[in-house]
Amino acid sequence: MITASVLVLLGIGFTAAVILAVASKLLYVYEDPRISQVENVLAGANCGGCGFPGCAAAAQGVIDGKAGATVCVIGGDEVATNVAAIMGLEFSSMEKQIAFVDCTGGTRAEETYEYDGVKDCRAQSLLYNGNKMCPEGCLGYGTCVTACQFGAIEMGPDGYPVVDPELCTACGGCAQVCPRGVITIWGTSARIAHLNLETDCLAPCRQRCPGQINIPRYIEQVSRKDYAGALETIRERIPMPLSIGRVCPHPCEGVCRRMHVDESIGINMIKRFVADWEMNSGQRLPIPCSPSNGRKVAVIGGGPAGISCAYFLRRLGYSPTIFESMPKLGGQLRYGIPEYRLPKAVLDWEIQGILDLGIDVEYEKYFGKDFTLDSLKEDGYEAVFLGIGAWMNMTLRIDGEESIGCETGTEFLTKVGLGVDTGIGKKVVVIGGGNTAIDAARSSVRLGAHVTLMYRRTRDEMPANLEEIIGAEEENVNYLFLAAPSRVVSDDNGKVTHMEYIKMALGEPDDSGRRRPVPIEGSETLIEADTIYTAIGQKPELSCLYDDTGNCQLNETKWRTLDAHPDTLQTALPHVFTGGDMHTGPSLVITALGEGRKAARSIHQYLTDGEPHYSSKLQREMIPYTIFTDVPDVGIRAKAKMPHLIECDERTCSFEEIEGAISETETKEETCRCLRCGLTCYNRDMVEGQECTAEDCVKTP
Amino acid sequence: MDYFVLVIAAIFVNNIVLAQYLGNCPFIGTSKDSGVAIGMGLAVVFVGTMAAGITWCVQKFLLGPNDLAYLQTICFILVIAALVQFVEMFLKKVIPPLYKSLGIFLPLITTNCAVLGIAIICQREGFTFIETILFSIASGVGFLLALVVLAGIRERLDLARVPVSLKGTPLALILAGLMSLAFFAFKGMAS
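Sequence positions are assigned chain by chain, starting from 1 and proceeding in written order. Chains and ligands are labelled sequentially in the order written, the chains with letters from A and the ligands with numbers from 1. With the structure being a predicted model, the display of local features is reserved for residues of pLDDT at least 70 and the display and counting of side-chain atom pairs for 80 or more, all residues being used for whole-chain, interface and lining totals.

J.: Teacher, can you tell me more about the overall build of chain B here?
T.: Here a helix means four or more residues in a row that DSSP labels H or I, a strand means two or more in a row labelled E, and each is numbered from the N terminus. A tally of regular secondary structure across chain B gives nine helices and zero strands. Of the regular secondary structure in chain B, the N- to C-terminal order runs α-α-α-α-α-α-α-α-α. Relative to its length of 191 residues, chain B is compact, with a C-alpha radius of gyration of 17 Å against a globular reference of 16 Å. Projected onto its principal axes, the C-alpha coordinates of chain B cover approximately 60 × 45 × 30 Å. We call a residue exposed when 12 or fewer other C-beta atoms sit within 10 Å of its C-beta, buried when the count reaches 20 or more, and partly exposed for counts in between; the C-beta positions come from the backbone. In chain B, buried positions account for 36% of the 191 residues. A pair of residues counts as a contact when their C-beta atoms, built from backbone coordinates, are within 7 Å of each other. The contacts of chain B with a sequence gap of at least 6 include a subset with a gap of at least 24, amounting to 81%. Within these notes, the globule rule equals 2.2 Å times the number of residues to the 0.38 power, and the radius of gyration is based on C-alpha atoms.

Have a look at this one:
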């Protein structure tokens, strides 16, 4: 019996051993020995921050080429160097990533019901999606604090978590547990490539800004005197705070929540203050850029859109080259906006700082003549940004338009910008009601002319900025409203002598919501003029896109602009992107800067992932529930006044800059006026109607 | 034998964990997260069925005829251990996706009493081969059910305030006891 049992067991054991031995030979799967080596040098926390389930899987991912040397998010440069050594990869320093808390609501956010359950954000969010009125904000029970393995998050005094940047390893534990998506793990590149989402904490000004600048954040940084931080915040969205601080018509201020208490915040004055602070300090702040990856991108057009696109591409690690047809960069900023609004010295200083990041420029190169899309491809440019602006003028389509002395406003302004002879006379008529018309009129005043500005509707319908309209009035520009040009009268030499116009009356509102002007029969009148500038609209010059045979691979819109996807700005050719006036038609500088960033983001995604992508929750319109006019419990504070550097009588003979910057104290007071809005919350600091001074300003971030 | 009754009995009435108290270590150990619980449960279904099938053959053709029934337990352990090793290698080579989802649970099952228990119960009851396969699948499903239910409850309890001394395993044991009591309600519905 013992013999039998021993024999049977030995037999079974032997059979199993043989089967397993054979199986291990037959079923052998080669495993790279580097897997275990890589696993040994990883941090070993199994935190999952890298996106792989544990360090072993991450090591496997590195061997499979799914992840690079920088796979370990918490190990930092040291681990990355070790992994790179094993894999024989090149390694350049990792971009510092960090957990970022988007919400600033906290205790300020209104509650919709009293919650008495488990003190956990996830539990509360199961009950009617949480008790905060704001659907996106922090619930404040600190689930992220408990989730953090590194003790880097604490509940701040204002009811939302605060991240310690020194301790944060960007493992993503906090972001995973937050039911509201308040915490994001990101570095500079991700922040640059982020477009506003409806789920972000967007104050009305942030929603309205075409450049998507985080306005409340930089205002708060300025109020803490962290000017460098404020500039960094601005520069994550636009490259040119100095120019924008001067020329922006600040649509953000038009939706400022404080407007419903007293007056909107002087947002652009604050921006200008910090930008001037940097320029006056004489030292350029460093702008963090990813290490160069050597990939070439062509940026055609050195206007705001092109500069912005090249700047963000450089910050994302690419090597952009700007092709500019003019002898200097700046586009409309240089050749369209007069000296008295944006001094050329300021613009030069700002552009130089951007080029110093490592952007090449080829001046006086015409697209379609000196180079084409094909030649760029041959030269190794992997993607192209087209931003040639809208420089072609609409014509009046009236008799005598070709007379000597009749010119377009942009041509005149370009001549002024270039500093060449303009051939301006003594009696100037400017036709149009937009900013270009006003710029032409005010520039003519400075060249000693008597100026009449003719517009076919009334002052209320003028598309120009109100400040500009008032500025021109102060400088004695005559307005001739409800008048449309009908004929240019010239003498025998073909020189302009008079302008004939017909009087108009306002009829029914048209598609644009403005009342349509209707001519009054028989009301033709003559006005004396030796120079006529027309500024009735511009459109992009798209003829350069067509080859010799008249073919074009790109599409036009019905507004004669270049057609592209509205969110990715990708055109019909996958490697060609557009933005700025060429895409939108004549628009604001800040819009062009915003489009440049959008295009840079898409080019980055196109070159890394093969195609640009975007979220379905992109914020395009104002978010309705964030726009309310009832803003109780806020004290009244007077708004700072924009100082004028030179007075009216001097202004008419000098191109010197008119608007000045507000002082540091005024800036501080202005920042204190900011309500630090979120989607629905804002600082309720005072009894309504109470006045307060800067000493009362005890706002915390 | 009515196969339906056999299956229902194996899943609910004679639930391998809650009525027979087999496989308690993975029941407590892998029930913290429902994803893991499902993986473990499926692995038990898979291995339990194969093990019961193989051991049925071993019993029928080797131990039974040679009058070596007293070697049943030790033989089964040997066979199941070798089987699991073999299955692991086989899956890794032939069906990598399945290996990825079951991979880390397979070694845990090598000496799992639930798997061994299923094989031995089949012999004790004198099941035919088909009954053996059905019974072992059903028992595995019973294990999966119990595991997933416990994991679901434990996930919810993560959010609750639990006295420190009861946190983790102690509370899981209490829960297991309560679930076991609840499953007693099935007693007598089938034998």
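Resuming the write-up.
J.: Quick question: what am I supposed to make of the overall build of chain A here?
T.: Within chain A one finds 24 helices and 20 strands. Seen through its C-alpha atoms, chain A measures out along the principal axes to roughly 135 × 70 × 50 Å. Put simply, chain A has 701 residues, and 43% of those count as buried.

J.: Help me out: how do you make sense of the domain arrangement of chain A in this one?
T.: Bring the parts together and some accessible area is lost; that lost area is often taken as the interface size. Residues and elements named next belong to chain A. Note that domain bounds follow an automatic or database assignment of domains. Here chain A is partitioned into domain 1 (201–391 + 540–623) and domain 2 (395–537). The C-alpha-based centres of domain 1 and domain 2 are spaced at 30 Å. With eight residues of domain 1 at the contact, the number on the domain 2 side is 11 residues.

J.: Help me understand the domain arrangement of chain B, please; the structure alone is not making it clear to me.
T.: Taken domain by domain, chain B comprises domain 1 (30–149) and domain 2 (161–191). Taking only C-alpha atoms into account, the centre of domain 1 of chain B sits 25 Å from that of domain 2 of chain B.

J.: For this particular structure, what's the right way to read the interface of chain A and chain B?
T.: At the interface, 17 residues of chain A touch 16 residues of chain B. When contributions to the side of chain A that touches chain B are tallied by element, the ones reaching two or more residues are helix H1 (2–26) and helix H5 (121–126) of chain A. Ranked by the residues each element gives to the side of chain A that touches chain B, the list is headed by H1 of chain A, at 11 residues. Here the residues of the side of chain A that touches chain B sort into 12 nonpolar, three polar and two charged. By the convention adopted, Pro, Cys, Tyr, Trp, Phe, Met, Ile, Leu, Val and Ala count as nonpolar, Lys, Arg, Asp and Glu as charged, and the other residues, Gly among them, as polar.

J.: Would you mind showing me how to read the packing of helix H2 (residues 33–41) of chain A against helix H3 (residues 55–63) of chain A here?
T.: Each pair of packed helices can be summarised by the angle the axes make with each other and by the distance between the axes. All names here are of chain A. The contact between H2 and H3 brings their axes to 8 Å, and the two run at 130°. If you check the angle between H2 and H3, you find them oblique. Considering the relative orientation of H2 and H3, their crossing is right-handed. Counting all contacts with H2, which are made through Arg-34, Ile-35, Val-38 and Glu-39, the residues of H3 involved are Cys-55, Ala-56, Ala-59, Gln-60, Val-62 and Ile-63. The residue makeup of the contact of H2 with H3, split by class, is seven nonpolar, one polar and two charged. A fitted line through C-alpha atoms serves as each axis, taken over the contacting stretch for helices, and the angle formed by two N-to-C directions is quoted from 0 to 180°. Roughly parallel refers to an angle under 35 degrees, roughly antiparallel to one over 145, roughly perpendicular to one between 65 and 115, and oblique to any angle outside these ranges. Helix crossings fall into two classes, left-handed where the near helix is turned counterclockwise from the far one by less than a right angle and right-handed where it is turned clockwise.

J.: Help me understand the sheet that holds strand S18 (residues 531–534) of chain A in this model?
T.: Working definition: the strands of a sheet are paired by backbone hydrogen bonds and lie parallel or antiparallel to each other. Residue and element names in this part refer to chain A. One bridge is not enough; two strands pair if DSSP finds at least two bridges between them. Overall, parallel pairing links the five strands, which are arranged S10-S18-S11-S12-S13 in an open sheet. In this open sheet, the two strands that pair with only one neighbour each are strand S10 (406–408) and strand S13 (478–480). Pairs of neighbouring strands in the sheet enclose a mean axial angle of 25°, with direction left out of account.

J.: What is the right way to read helix H4 (residues 72–94) of chain B from this model?
T.: One full turn of an α-helix is made of 3.6 residues, so residues set three or four places apart face in the same direction. Here H4 of chain B is 23 residues long and its end C-alpha atoms lie 31 Å apart, about the 33 Å a rise of 1.5 Å per residue gives. Regarding H4 of chain B, the residues found buried are Cys-75, Phe-76, Val-79, Ile-80, Ala-82, Leu-83, Val-84, Val-87, Glu-88 and Leu-91 of chain B. Here, expected helix span is obtained from the residue count minus one, scaled by 1.5 Å.

J.: Sorry, what's going on with the sheet that holds strand S8 (residues 381–386) of chain A here?
T.: Residues and elements named next belong to chain A. The sheet built from five strands is open, its strands ordered S7-S6-S5-S8-S20 with parallel pairing. Strand pairing shows two members of the sheet lacking a second neighbour, strand S7 (360–362) and strand S20 (576–578), which therefore form its edges. Ignoring which end each strand starts from, the neighbouring axes of this sheet average 25° apart. As paired strands, S8 and S20 are joined by three bridges and run parallel to one another. Counted as the bridge partner of Val-384 is Val-576 from S20.

J.: I keep staring at the confidence of the model for chain B and nothing clicks. Help me out?
T.: Residue and element names in this part refer to chain B. One confidence number per residue, pLDDT, is output by the predictor and ranges from 0 to 100. Confidence in the prediction of chain B, expressed as mean pLDDT, is 83, and 94% of residues score 70 or more. Here helix H5 (residues 96–102) stands out as the least confident element of chain B, with mean pLDDT 69; helix H8 (residues 129–157) is the most confident, with 90. ipTM for the predicted complex: 0.74, alongside a pTM of 0.73.

J.: What am I meant to see in the nonpolar core here?
T.: Soluble, globular proteins show a tendency: their nonpolar side chains are buried together. What makes a nonpolar core is a set of buried Ala, Val, Leu, Ile, Met, Phe, Trp, Tyr and Cys residues, with links drawn between C-beta atoms within 7 Å. Within the largest apolar cluster, 129 residues are counted, with the highest numbers of intra-cluster contacts made by Val-384 and Phe-385 of chain A. No other element matches the eight residues that helix H22 (residues 589–609) of chain A contributes to this core. If you look at the next biggest cluster of nonpolar residues, it comprises 47 residues, including Leu-22, Phe-76, Val-87 and Ala-176 of chain B.

J.: Looking at this structure, I do not really get helix H10 (residues 215–223) of chain A. What am I missing?
T.: Across the nine residues of H10 of chain A, nine count as buried, placing the element largely inside the fold. Count one or two residues on from H10 of chain A and you reach Lys-225 of chain A, which has phi positive near 65°.

J.: Which parts of the structure should I look at to understand the packing of helix H19 (residues 435–446) of chain A against helix H20 (residues 466–474) of chain A?
T.: Residues and elements named next belong to chain A. At a minimum axis separation of 10 Å, H19 and H20 run at an interaxial angle of 25°. Viewed along their axes, H19 and H20 adopt a mutual orientation that is roughly parallel. In terms of crossing hand, the pair formed by H19 and H20 is left-handed. Contacts from Asn-435, Ile-438, Ala-441 and Arg-442 in H19 reach Glu-468, Ile-469, Gly-471 and Ala-472 in H20. Within the contact of H19 with H20, the residues separate by chemical class into four nonpolar, two polar and two charged.

J.: Help me out: how do you make sense of the pairing of strand S6 (residues 319–323) of chain A in this one?
T.: Consecutive side chains along a regular strand alternate between the two faces of the sheet. Residue and element names in this part refer to chain A. Bridge count between strand S5 (residues 296–300) and S6: five bridges; the pairing is parallel. Bridge assignment links Ala-298 to a residue of S6, and that residue is Thr-321. Both S6 and S7 contribute to a ladder of three bridges, which runs parallel. Bridge pairing in S7 links Phe-323 to Glu-362.

J.: Help me out: how do you make sense of the environment of Ala-345 of chain A in this one?
T.: As for its placement among the helices and strands, Ala-345 of chain A is situated in helix H16 (residues 344–355). For the pair formed by Ala-345 of chain A and Met-642 of chain A, sequence separation is 297 residues and the distance between their alpha carbons is 21 Å.

J.: What should I look at first to understand unusual backbone geometry in this one?
T.: Leaving glycine out, the prevailing phi sign among residues is negative, and the prevailing peptide bond configuration is trans. Residues and elements named next belong to chain A. A positive phi angle, close to 35°, is found at His-250, a residue other than glycine. Locating His-250 in the fold gives a position in the loop between helix H12 (241–247) and helix H13 (267–281). A positive phi angle is found at Asn-476, which is not glycine, with a value near 65°. Along the chain, Asn-476 turns up in the loop between H20 and S13.

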